[in-house]
Amino acid sequence: DAKAMVRMSEKTDRILSIGHQRHYSTLYHDALKTVDSGVLGTVKYIRALWHRNNTYVDKNGVMQDSWKPPVPDDDKAVNAQNYGYKSVEELVRWRLYNRTGAGLMAELGSHQLDACSIFLGKAHPLAVTGIGGTFFYKDGREVDDHVFTTFEFPAADDPEKGRVVVTYSSINTNSFPGSPLNYGEMVMGSRGTMIVAGEEEILLYKELDPNNYKG
């Protein structure tokens, strides 16, 4: 679909602007400048996460979450197929289906992995392993409610041999330690750590100077 949009913009001589979230963020612009400044030293590990807890018990005593909202009475008569959906259920609760929502990695993980790629010179990962599943909800949803992944990226300073490991987790049943630290990226270098917390703030932590360590 994205390629079709580009072709149409060229064909009709119109300007096409794609608003990738992190690429348009002043906060992430400053975060990238921090990484590029070298203040963190050599980066070999980035921990990214998006944790939240949307669970609640409905009036029937059934565990629910915000991804499965009630179907409004006014929507029940809608012909969902006119809008490309198989049913009203899929239209209203589109996040629960792989075809329409694609799950945690598409909806949330895409932002974190994009940010990690920016920090690493807009690199593409070399390898990935992961595990995910509906570990909590048993309501027939197709998408995972927990995912845990490990990505291997080429290091910007030595893309042929150097490697940077990025781990990403997204869970729907725990939001510790709470906003804004329940989602973002932790870039860990040999001289310091940078946390980009909840698209709100940047936190910097220095490592001990090995030349002055008295321990």
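In this text the structure is predicted, and so the values were computed from the model without any measurement.

How each quantity is defined
- Residues numbered from 1 in each chain as written.
- Predicted model: local features only at pLDDT ≥ 70, side-chain atom pairs only at ≥ 80, totals over all residues.
- Heavy atoms only, no water.
- Buried < 20%, exposed > 50% of the residue type's maximum accessible area, 1.4 Å probe, protein only.
- Helix = DSSP H or I, 4+ residues; strand = E, 2+ residues; numbered from the N terminus.
- Core = buried A, V, L, I, M, F, W, Y, C linked by side-chain atoms within 4.5 Å.
- Contact = heavy atoms within 4.5 Å.
- Pairing = 2+ DSSP bridges.
- Phe/Tyr/Trp six-rings, centres within 6.5 Å; stacked < 30°, edge-to-face > 60°.
- Lys NZ or Arg CZ within 6 Å of the ring centre and 35° of its normal.
- Patch = residues over 30% accessible without salt bridge, like charges linked within 9 Å, V, L, I, M, F, W, Y side chains within 5 Å.
- Areas by Shrake-Rupley, 256 points an atom, 1.4 Å probe, with all protein chains shown as cover.
- Salt bridge = Lys/Arg side-chain N within 4 Å of Asp/Glu carboxyl O.
- pLDDT = per-residue confidence, 0-100.

Engineer: Sorry, what's going on with helix 1 (residues 2-11) here?
Structural biologist: It helps to recall that an α-helix has 3.6 residues per turn; residues three or four apart then point in one direction. In terms of burial, helix 1 is largely open, as just one of its 10 residues are buried. Positive backbone phi, at 55°, marks D13, one or two positions downstream of helix 1.

Engineer: Sorry if this is basic, but what is going on with the nonpolar core here?
Structural biologist: The nonpolar side chains of a soluble globular protein tend to be buried with one another. Counting 32 residues, the largest nonpolar core has I46, F119, F153, V166 and M194 as the members making the most contacts within it. Mapped by element, the contributors of at least two residues to this core are helix 2 (26-36), strand 1 (43-51), helix 4 (103-119), strand 5 (146-155), strand 6 (158-171), strand 7 (183-189) and strand 8 (192-197).

Engineer: Please explain the environment of L40 as it appears in this structure.
Structural biologist: Considering the arrangement of structural elements, one finds L40 in the loop between helix 2 and strand 1. By relative accessible area, L40 is classed as buried at 2%. Taking C-alpha positions, L40 is 37 Å from K3, a pair spaced 37 residues apart along the chain. Contact partners of L40, with chain neighbours within four places excluded, come to V35, V187, G189, S190, R191, G192, T193, M194 and L204.

Engineer: Just to check I follow, could you spell out the pairing of strand 5 for this structure?
Structural biologist: On any regular strand, side chains alternate: one points to one face of the sheet, the next to the other face. Of all the 10 residues making up strand 5, seven are buried; the element is thus mostly covered by neighbouring parts of the structure. Pairing between strand 4 (residues 127-133) and strand 5: seven bridges, direction antiparallel. Considered in strand 5, the bridge of V128 is made with F151. The sheet contact formed by strand 5 and strand 6 spans 10 bridges and is antiparallel. Counted as the bridge partner of F148 is S169 from strand 6. Between the end of strand 5 and the start of strand 6, which pair antiparallel, lie two residues.

Engineer: Is there a simple way to explain the packing of aromatic side chains in this structure?
Structural biologist: Two numbers describe a pair of aromatic rings. These are the distance of the centres and the angle of the planes. According to the stated counting rule, one finds four aromatic pairs in the structure shown. Centre to centre, the rings of W50 and Y183 are 4.1 Å apart; their planes meet at 10°, and the pair counts as stacked. Of this pair, W50 sits in strand 1 while Y183 sits in strand 7, and the two are 133 residues apart along the sequence. W50 sits in the buried class, given a relative accessible area of 14%. A ring pair is formed by F151 and F153, whose centres lie 6.4 Å apart and whose planes are at 40°; its orientation type is tilted. The exposure class of F153 is buried, given its relative accessible area of 1%. Just above the ring of Y137 sits the side chain of R141; from NZ or CZ to the centre is 3.9 Å.

Engineer: For this particular structure, what's the right way to read a nonpolar patch on the surface?
Structural biologist: Taken together, the side chains of M5, V6, L16 and I18 present a nonpolar region at the surface, about 300 Å² in accessible area. Tracing the chain through its elements places V6 in helix 1.

Engineer: Would you explain the confidence of the model for the protein in this entry?
Structural biologist: Note that predicted coordinates carrying low pLDDT should not be read in detail. Chain-level statistics for the protein give a pLDDT mean of 92 and a share of 99% at 70 or above. The element-level mean pLDDT for the protein is lowest in strand 3 (residues 63-64), coming to 88, with strand 8 highest at 98.

Engineer: Would you take a moment to explain the pairing of strand 1 for this structure?
Structural biologist: Note that strand 1 and strand 7 share seven bridges and pair antiparallel. In the sheet register, Y45 faces strand 7, and the bridge partner there is M188. Bridging between strand 1 and strand 6 involves seven bridges; their strand directions are parallel. When the sheet's bridge partners are listed, H51 is paired in strand 6 with I171.

Engineer: I would appreciate a short explanation of the environment of Y137 in the present structure.
Structural biologist: Tracing the backbone shows Y137 in the loop between strand 4 and strand 5. Residue Y137 is classed as buried on the basis of its relative accessible area of 4%. Y137 sits 52 residues away from Y85 along the chain, and the two C-alpha atoms are 23 Å apart. If near-sequence neighbours (up to four positions away) are discounted, Y137 is found in contact with N54, T55, M63, Q64, D65 and D145.

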